[in-house]
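# Structural description and commentary
Listed here are the chains, written in short residue letters.
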Amino acid sequence: MLNHSLIPVRGARRRPAIAAVAIAVLGAALTGSTPTYSPGFQTTGTVARVKPSKRPAIEAAFPRDSYGPRSAARLVIFSKHVRDARMQIFRAGTETGRIGPRDEMRGTAVTPVRRLGNLRRNQTVWVQIPDEPSGLHYVKLIAGPRVGYAPFVLRPDRLGRQRIAVVMPTFTWQAYNFHDDDADGEGDTWYAAPSRKMTARLGRPYENRGVPPHYKYYDQPFLQWLHQEKRAVDYLGQTDVARSTGHRLAEAYDLIIFPGHHEYVTKREYDAAEGFRNRGGNLMFLSANNFFWKVVTRGNVMYRVHMWRDIGRPEAALIGVQYIGNDMGQHRSPWIVRNVGAAPWLFADTDLHNASSLSSAGIEIDKTQPSSPPGTKVLAELPNLLGPGRTGQMTYYEKGAAKVFAAGAFTLAGSVRQPSVDRIMDNLWERLSRP
């Protein structure tokens, strides 16, 4: 079964040549990635945008991407004149069955319903974060036909409550968020005006009634798999990684997983992830185009400043592969297994052998580079997906005690419910969760 996130939209325009969209702001060029095309996606200039939901919404957001259990969190209301509102907190990813609409989050309620009465724009609602295990959670707001979601990461009360951490791509979610919260007629992200805007606001509602961009295809399947397989993990936001260090992360975790589109990272997060790897920590990247742009944050604004490779820190040196391009979702294909012997443990208990096909992937692809660590092994490829030589690669390497896997394309996490991918994920988990 195809991953629905890989279905192109008819008539989608290709990205122009890089030279045609180069921008001279802080020395950066517009070579970032675009969201996948899927039902409900449309083009905006040279990038893709999820069509805003037409269903009536309540807009609200938390200023931070994560909170600890038993803490008090500010929920800021962005809608005006909300009458007789109610709220309830849910844990995401516990639902079963088919994945729902792109403007809907599903899960299990972890608090009773709370009546809020009438709400107004810029009002603060104080939310008591429940004493629950770590996970992706959300507040669901209801007022008549209007519904809104305000997601947040419920981080553990201390790092290392579990020995495996999953990092949600909270900065990338906001980078692809076209919400116009300052009402100037333009989305508050550089994707809305790539030739002149280099900022994206944090702590604001997402467009589709509050659901993060591409959550349905990139994030939700993996969360469901974690729950169904009873995988005990700590969930972290990107700011949680940035507040830590490689040393502290290595003391707390044996494995850190980046399942989604982890494109935008701060220096502190990059340093922490690299330091974790250098101290023997294992890393798993299940999508593509990770650690591509350096961003800085000031207050509630995120600034895109440089591609990491342009300032001497190519992402392939950490991940094993790095982004080489996309074609706006025009092509996809199965991974073709190239070297079972390089990692026989990965393909154990599957029917896969050299030249076998695995799942379906594409959209954005990564490839090995001269900066890839010595001994990086190519396990599978998307041969010539974007043209001759433009091949996506799935890789694995070891550096000292550290083990690092990278899927090299969108998205192994999104396809995890396919039997062959499920088995490979089990094998990855078994191998990389070992200290």
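Residues numbered from 1 in each chain as written. Predicted model: local features only at pLDDT ≥ 70, side-chain atom pairs only at ≥ 80, totals over all residues. Heavy atoms only, no water.

Another point: the side chain of Arg 209. Within the secondary structure layout, Arg 209 lies in the loop between strand 13 (199–201) and helix 2 (215–228). From its side chain, Arg 209 meets the backbone oxygen of Asp 103 in a polar contact 3.0 Å long. Leaving out residues up to four positions away in the same chain, Arg 209 has contacts with Ser 53, Arg 55, Pro 56, Ala 57, Asp 103, Glu 104, Val 147, Gly 148 and Tyr 149. (Helix = DSSP H or I, 4+ residues; strand = E, 2+ residues; numbered from the N terminus. Polar contact = N/O pair within 3.5 Å; in protein donor to acceptor, adjacent residues only side chain to side chain. Contact = heavy atoms within 4.5 Å.)

It is worth spelling out the pattern of salt bridges at this point. If you walk through the whole model with that rule in mind, you get 23 salt bridges. When the shortest N-O distance is used, the salt bridge between Arg 70 and Asp 131 registers 2.9 Å. With a gap of 61 residues between them, Arg 70 in the loop between strand 4 (66–67) and strand 5 (72–77) and Asp 131 in the loop between strand 9 (124–128) and strand 10 (135–143) connect regions that are remote in the sequence. Assessed through its relative accessible area of 47%, Arg 70 is described here as partly exposed. Asp 181 is paired through a salt bridge with Arg 201; the nearest N and O atoms lie 3.5 Å apart. With a gap of 20 residues between them, Asp 181 in the loop between helix 1 (170–175) and strand 13 and Arg 201 in strand 13 connect regions that are remote in the sequence. Members of the salt-bridge network, linked through shared partners, are Arg 55, Asp 103, Glu 104, Arg 106 and Arg 209. (Salt bridge = Lys/Arg side-chain N within 4 Å of Asp/Glu carboxyl O. Buried < 20%, exposed > 50% of the residue type's maximum accessible area, 1.4 Å probe, protein only.)

We now examine the sheet that holds strand 13. Think of a sheet as strands paired side by side through backbone hydrogen bonds, with each pair either parallel or antiparallel. Read from one edge to the other, the open sheet built from 4 strands follows the order 13-19-18-16, with strand pairing classed as mixed. Across the chains shown, the open sheet's two edge strands, defined by having one partner strand only, are strand 13 and strand 16 (264–265). Looking at chain direction, strand 16 and strand 18 (residues 293–298) are connected through 2 bridges and run parallel. Counted as the bridge partner of Val 265 is Lys 294 from strand 18. (Pairing = 2+ DSSP bridges.)

If you check helix 7 (residues 419–432), its first and last C-alpha atoms are 20 Å apart, about what 14 residues at 1.5 Å a residue would give, namely 20 Å. For helix 7, every residue scored as buried is listed here: Val 421, Ile 424, Met 425, Asp 426, Asn 427, Leu 428, Trp 429 and Leu 432. (Expected span 1.5 Å × (residues − 1).)

To continue, consider the packing of helix 2 against helix 7. Two elements in contact, helix 2 and helix 7, have axes whose closest approach is 13 Å; the angle formed by their N-to-C orientations is 65 degrees. It follows that helix 2 is roughly perpendicular to helix 7 by the angle criterion. Handedness of the helix 2/helix 7 crossing: right-handed. Contacts between helix 2 and helix 7 pair Phe 222, Trp 225 and Leu 226 from the former with Asp 422, Met 425, Asp 426 and Trp 429 from the latter. Residues of the contact of helix 2 with helix 7, tallied by class, amount to 5 nonpolar, no polar and 2 charged. (Axes fitted to C-alpha atoms, helices over the stretch in contact; angles between N-to-C directions. Parallel < 35°, antiparallel > 145°, perpendicular 65-115°, else oblique. Left-handed = near helix turned anticlockwise from the far one by under 90°. Nonpolar A, V, L, I, M, F, W, Y, C, P; charged D, E, K, R; others polar.)

Before going further, it helps to spend a moment on the environment of Ser 433. Mapped onto the fold, Ser 433 is located in the segment after helix 7. As for Ser 433 and Asp 254, which are separated by 179 residues in sequence, their C-alpha atoms are 5.9 Å apart. Setting aside residues up to four positions removed in sequence, Ser 433 forms contacts with Ile 164, Asp 254, Leu 255 and Leu 428. A distance of 2.6 Å separates a polar side-chain atom of Ser 433 from the backbone oxygen of Trp 429.

Ranked by size, the top nonpolar core spans 56 residues in total, and within it Phe 222, Leu 286, Trp 335, Phe 405, Met 425 and Leu 428 carry the most contacts. Looking at this core element by element, the count peaks at 6 residues for helix 7. Apart from residues lying up to four places away in sequence, Phe 405 is in contact with Leu 283, Met 284, Phe 285, Leu 286, Leu 346, Leu 379, Met 394, Thr 395, Tyr 396, Leu 412, Leu 428 and Leu 432. By size, the runner-up hydrophobic cluster in this structure holds 24 residues, among which are Leu 236, Phe 276, Trp 308 and Ile 319. (Core = buried A, V, L, I, M, F, W, Y, C linked by side-chain atoms within 4.5 Å.)

Moving on: the pairing of strand 25 (residues 402–406). Within strand 25, 5 of the 5 residues are buried, which leaves it mostly tucked inside the rest of the structure. The pairing of strand 17 (residues 282–285) with strand 25 spans 3 bridges and is parallel. Paired with Met 284 across the bridge in strand 25 is Phe 405. Summarising the sheet, strand 24 (residues 392–399) and strand 25 pair through 5 bridges and their orientation is antiparallel. In the sheet register, Lys 399 faces strand 25, and the bridge partner there is Ala 402.

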